[in-house]
Amino acid sequence: QWLSDRKKRALQKKDVDIRRRIELIQDFEMPTISTKIKVSRDGQYIMAVGTYKPRIRCFDTYQLSQKFERCLDSEVVTFEILSDDYSKIVFLQCDRFVEFHSQHGHYYRTRIPKFGRDFSYHYPSCDLYFVAASSEVYRLNLEQGRFLNSLQTDASENNVCDINPTHFLFATGTAEGKVECWDPRTRNRVGLLDCALSSVTADTEIDGLPSISALKFSGALHMAVGTSTGQVLLYDLRSSNPLIVKDHQYGLPIKSIQFQHELDLIISADSRIIKMWNKDTGKIFTSMEPEYDINDVCLYPNSGMLMTANEAPKMSIYYMPVLGPAPKWCSFLDNLTEELEENPESTVYDDYKFVTRKDLENLGLAHLIGSSLLRAYMHGFFMDIRLYHKAKMMANPFAYEEYRREKIRQKIEETRAQRVQLKKLPKVNKELALKLIEEEEQQATRKRKQKNLPSLLKDDRFKVMFENPDFQVDEQSEEFRLLNPLVSKISEKRKKKLKILEEKEAQEQEEEEEPEGKPSDAESSESSDDEKGWVEEVRKQRKLLRQEEKVKRQERFKEDQQTLLKPQFFEIKEGEEFRSFKDSAKKQKLVKKTLGDRLKLEEKLGTLSVSDTTVGSKQATFKLKK
């Protein structure tokens, strides 16, 4: 954005992406954002509305440029092209006004009772059906030029509406997540679909009640419904259950639904993503995530071209040859797409170097922050690559010598890699790691077939044991000191057994017929000697532990003797007589007891007597305590 026009023209010569970029329609953009985009029925005109200021722009595809622009009094919620060309247009504006435009410009303006949200045109009767923040659907007849009786729905508010192009069934989507279908001939409701209930499946998670945000008919029998929680439901009008439920997984309201009949695709879009999926299986065909939020999607009829209205000045145009041929006014796109090849492309930032604030301080260029030589971006800055190289040469004139020494060091390291390398021990539990390495080497030297067990040093599950200091083996703990004799004896036994196996293998190689190993008596005597030695070591460790515990107790006793206990004094309340500490304990117990328990206790002691009177009430006699 901050590149100058001259720089952009220079980039066109070497940037493959810019050279391939095709501007189909000149100035196909809005001042700030575009909200709706539609194509006339003859395919010659593309109309878009946007802000700011509110306006409509009409683009002529035969001239590949803008035909006219008209500014409006207020923002447009939606609009409809009634004629085959641009001669008859209806705008629904955000201030409840409905504005009619003819070929020359503004024609007529009227108002509806509530704030409108969508409308549809019924061609056989020339009626406009408006849905608004109301339970009524307003009807405006364009032949008679007057409002007709409204349709009364069961909803509190209606969001969207559509009319079937085949049998002209009128459908409206409500804020309660239902779709009501009406017959315009009898003005009676003929069907009701609860889409909010059907959109909740086992795989979907929704927040709040799904309301209807998009509605579109396809042919005589199919209807697609989009909800405010990001689900698209495809219905057959003969059934109340959806054929398929597709979740966008973003939780954003569905903005637009289009049908692509050649490949049986449904093109649904929310503000973040456009998804194309098969209407029979629900399998994703492809998806697109534009750079800016999407407001509307328009599919050019009988082609593979897709146009979007975005939260950005430029309106996007996408062409996908697999969806269909290019429109006749840009048929050269078919030839271009065949010639394009996937090649590595250079970026706009080839002439710039990204540096952080720390890099600038190292180069001595921190004083340039805020000047035109640095462009702030994310957590750093972009600067000209030539300036970067000059500053680096001045800051470090011996950079080449360092580079040369680094290359020499790398060559030496490569030659060292061919030598026998010593295995580096981890920082934590070095002794355990050394023991495991020795065991692996001993197992590797053996020729007997064994299962390849995973090494603890290479296993990710035990990696933390050799990295985190919290897992360091405490050799001074009581458990380790008592088990250490056993562990050491087991390791000694393992070494002896390995030595015996090596001797057996050597004897086999020499083809000697002497009995292998040692006799059972020798083994039993050796095991008994090992057990005696282990018992003696355990007793020795226990004795040392008892001595250490005794020393600790003596130290604690000395500390207790040195601490002086100061006497504590307590003040007795006035009017009370101190007898003993037991009385206060009894009082605390009495306070915790219930009233009934205290009365029973005083009856036993004789300080209280309770009796019934002739009237039926209770009489209590008690004695006051001193």
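Keep in mind that this is a model prediction, so the values were computed, not measured. Just so you know, the residues in each chain are numbered from 1, in the order the chain's sequence is written. Totals for whole chains, interfaces and linings use all residues, but because this is a predicted model, local features are given only for residues with pLDDT of at least 70 and pairs of side-chain atoms are given and counted only at 80 or more. Side-chain figures throughout are based on the complete set of non-hydrogen atoms in the structure, without hydrogens or water.

J.: Explanation requested: the overall build of the protein chain in the structure shown.
T.: Every helix listed is a DSSP run of H or I at least four residues long, and every strand listed is a run of E at least two residues long, numbered separately from the N terminus. For the protein chain, the helix and strand inventory stands at 12 helices and 32 strands. Summary of the burial criterion: residues with accessible area below 20% of their type's maximum are buried, those above 50% are exposed, and those between are partly exposed, where the area comes from a 1.4 Å probe applied to protein chains only. Out of the 626 residues belonging to the protein chain, those deemed buried represent 34%. Contacts are assigned to residue pairs with any non-hydrogen atoms lying within 4.5 Å of each other. Of the contacts formed within the protein chain by residues at least 6 apart in sequence, a portion of 42% connects residues at least 24 apart.

J.: I keep staring at the side chain of glutamine 258 and nothing clicks. Help me out?
T.: Its place among the elements puts glutamine 258 in strand β21 (residues 256–260). For glutamine 258, a relative accessible area of 17% gives the class buried. For the purposes of these results, a polar contact is taken to be a pair of N or O atoms within 3.5 Å, where, inside protein, one atom must be able to donate a hydrogen and its partner to accept one; residues adjacent in sequence count only when each atom of the pair is a side-chain atom. Polar side-chain contacts of glutamine 258 include one of 3.3 Å to the backbone oxygen of valine 297. Apart from residues no more than four positions distant in its own chain, glutamine 258 is found in contact with Lys216, Leu265, Ile266, Ile267, Val297 and Leu299.

J.: Would you mind going over a positive patch on the surface with me for this structure?
T.: Taken together, the side chains of Lys586, Lys589, Lys593, Lys600 and Lys604 present a region of like positive charge at the surface. Where the positive patch is concerned, the elements lending two or more residues are α11 (581–592) and α12 (595–605). Note that lysine 589 resides in helix α11. A patch consists of residues exposed above 30% relative accessible area that lack any salt bridge, with like charges linked at up to 9 Å and nonpolar side chains (Val, Leu, Ile, Met, Phe, Trp, Tyr) linked at up to 5 Å. To measure how exposed things are, a 1.4 Å probe is used in the Shrake-Rupley method; for residues, cover is taken only from the protein chains shown. Counted as salt bridges are all cases of a side-chain nitrogen of Lys or Arg within 4 Å of a carboxyl oxygen of Asp or Glu. By the counting scheme adopted, Arg and Lys are positive, Glu and Asp are negative, and His together with the chain ends is not counted. By convention, charge coordinates are those of NZ in Lys, CZ in Arg, CG in Asp, or CD in Glu.

J.: Please explain the sheet that holds strand β25 (residues 294–299) as it appears in this structure.
T.: Where strands meet in a sheet, backbone hydrogen bonds hold them as pairs that are either parallel or antiparallel. Spatial strand order, β25-β26-β27: 3 strands in an open sheet with antiparallel pairing. Edge positions in the sheet fall to β25 and β27 (316–319), since each has one partner strand and no second. If you compare each strand with its neighbour and ignore which way they point, the axes differ by 20° on average. Two strands qualify as a pair provided DSSP detects at least 2 bridges between them. Helix axes are fitted to C-alpha atoms over the stretch in contact, other axes to C-alpha atoms as well, and angles between N-to-C directions run from 0 to 180 degrees.

J.: I'm lost on the pairing of strand β32 (residues 618–622) in this one. Help?
T.: Within β32, only 0 of the 5 residues are buried, which leaves it mostly out in the open. Of the pairings in the sheet, the one linking strand β31 (residues 608–612) to β32 comprises 5 bridges and is antiparallel in character. Residue pairing for β32: aspartate 612 is matched across the bridge by lysine 618.

J.: Can you help me understand the environment of valine 49 in this one?
T.: Counting through the fold element by element, valine 49 comes out in strand β2 (residues 45–51). Spatially, the C-alpha atom of valine 49 lies 5.9 Å from that of threonine 35, the residues being 14 residues apart in sequence. The residues touching valine 49, leaving out its near neighbours within four places in the chain, are Met30, Ser34, Thr35, Lys36, Arg55, Ile56, Val76, Phe79 and Phe91.

J.: Please explain unusual backbone geometry as it appears in this structure.
T.: A negative phi angle is the norm for most residues apart from glycine, just as the trans form is the norm for most peptide bonds. A cis amide bond links threonine 51 to the next residue, tyrosine 52, at an omega of -10°. Its place among the elements puts tyrosine 52 in the loop between β2 and β3 (55–60). Residue tyrosine 52 is joined to lysine 53 through a cis peptide bond whose omega torsion reads 20°. Tracing the backbone through its elements, the reader meets lysine 53 in the loop between β2 and β3. Unlike most non-glycine residues, arginine 96 shows phi in positive territory, near 75°. Tracing the backbone through its elements, the reader meets arginine 96 in the loop between β6 (89–93) and β7 (97–101). Positive phi is not limited to glycine here, since aspartate 264 has a value of about 55°. Following the sequence through the fold, aspartate 264 ends up in the loop between β21 and β22 (265–269).

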